[in-house]
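Single-letter residue listing:
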Amino acid sequence: MNTAAFVIISIFTLSAAVAAATLQKLMHAALSFAVAFVGVAGLFFLLGAEFVGLVLVFVYVGAVAVLIVFTILLTRRDVEKDRGFNWAGIVVAVAVLAGLVFSIFKTQSFAVTMPQTPALTVKQIGEALMANYVWPLQCVGLVLTAALIGALVLVMEDKR
Amino acid sequence: MNPTLTAFLIVSATLFSIGLLAALSRRHAIFILIGIEMMLAAANLNFIAFWRFGPQPYQPIGVMIAIFAIAIAAAEAAVGLAMVITVYRHYRTANVDQLDQLKG
């Protein structure tokens, strides 16, 4: 039951990711990217991290995918020209995948099933964010503000 | 019968490799950003999986790391896409192979 859901969501996610990496049209790739992140959020739901899955859907499917689509529309001129494909990249990616899979299968202690624990509530996450992680939270807020101001300054037109 | 930690790690490694493939082999800058985002998502999936299968799944440690990583990834995406727009405005292309002014 759980395994069936895992297999279906994994195949869905990975095929959407392959589509996002290999499709020729940028707009199709951006939409496949959003679909792939819906699948990753589904895997988070399976792992019992519902809050992170919802955050992933809000941030990636809601914000980052829209940003990518806007950037594609603003840089439309050479959309059709992306025909080049570097074969060395495939070799490196397959080598990395083989190394990772080999080391994962070699490690015996990974072959455990999910322990039964009470579900993590949003109240617990909020309490942890406001108590133990309050300084990291402030720093992330500062980083986000600086990054958004920096992005605005980068794309601002020069006034002459 | 539930999926083991190995299954989640295999999915995460595959997602990472697909992101690496997109970042290394595509020529358009937006594809490179999409690949980097996929690699970050694979890292987040690893964090959540190790937290859930680890010794203390009742403490929200892995969830915290994933939330902060998502926030940093969002900032990175905003700055990266702004850089793509700026580069396109200067050179009229977003193809990274044609941006070779600093090449020796």
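Here, every reference points to the structure presented above.
Analysis parameters
- Residues numbered from 1 in each chain as written.
- Chains lettered and ligands numbered in written order.
- Predicted model: local features only at pLDDT ≥ 70, side-chain atom pairs only at ≥ 80, totals over all residues.
- Heavy atoms only, no water.
- Phe/Tyr/Trp six-rings, centres within 6.5 Å; stacked < 30°, edge-to-face > 60°.
- Helix = DSSP H or I, 4+ residues; strand = E, 2+ residues; numbered from the N terminus.
- Buried < 20%, exposed > 50% of the residue type's maximum accessible area, 1.4 Å probe, protein only.
- Contact = heavy atoms within 4.5 Å.
- Buried area = accessible area lost by both parts, 1.4 Å probe.
- Salt bridge = Lys/Arg side-chain N within 4 Å of Asp/Glu carboxyl O.
- Polar contact = N/O pair within 3.5 Å; in protein donor to acceptor, adjacent residues only side chain to side chain.
- Nonpolar A, V, L, I, M, F, W, Y, C, P; charged D, E, K, R; others polar.

Chemist: What am I meant to see in the packing of aromatic side chains here?
Modeler: Here the distance between the centres and the angle between the planes together describe a pair of aromatic rings. Residue and element names in this part refer to chain A. For the structure on display, the rule yields seven aromatic pairs over all chains. Geometrically, the ring pair formed by Phe33 and Tyr60 is edge-to-face, given 6.5 Å between the ring centres and 70 degrees between the ring planes. Taken as a pair, Phe33 in helix H2 (residues 26-46) and Tyr60 in helix H3 (residues 50-74) lie far apart in primary sequence, 27 residues in all. An identical accessibility class is assigned to Phe33 and Tyr60; each is buried.

Chemist: Teacher, can you tell me more about the interface of chain B and chain A here?
Modeler: Much of the literature gives interface size as the accessible area that the parts lose upon coming together. If you look at the interface, chain B gives 69 residues, while chain A gives 79 residues. Buried area between chain B and chain A, both sides added, is near 7,000 Å², and the carbon and sulfur share of it is 78%. Across the contact surface, chain B and chain A share zero salt bridges. Applying the counting rule to chain B against chain A returns nine residue pairs in polar contact (both at pLDDT 80 or more). Residue assignment for the side of chain B that touches chain A shows that the elements contributing at least two residues are helix H1 (5-25), helix H2 (29-53) and helix H3 (61-91) of chain B. Residue contributions to the side of chain B that touches chain A peak at 23 residues, all from H3(B). Looking at the side of chain B that touches chain A residue by residue, the class counts come to 52 nonpolar, 11 polar and six charged.

Chemist: How do you make sense of unusual backbone geometry when you look at a structure like this?
Modeler: The bulk of non-glycine residues show a negative phi, and the bulk of peptide bonds are trans. Residue and element names in this part refer to chain B. In this structure, Arg92 is a non-glycine residue whose phi angle is positive, near 60 degrees. With respect to the helices, strands and loops of the structure, Arg92 is situated in the segment after H3. Taking relative accessible area as the criterion, Arg92 reaches 41% and is therefore assigned partly exposed.

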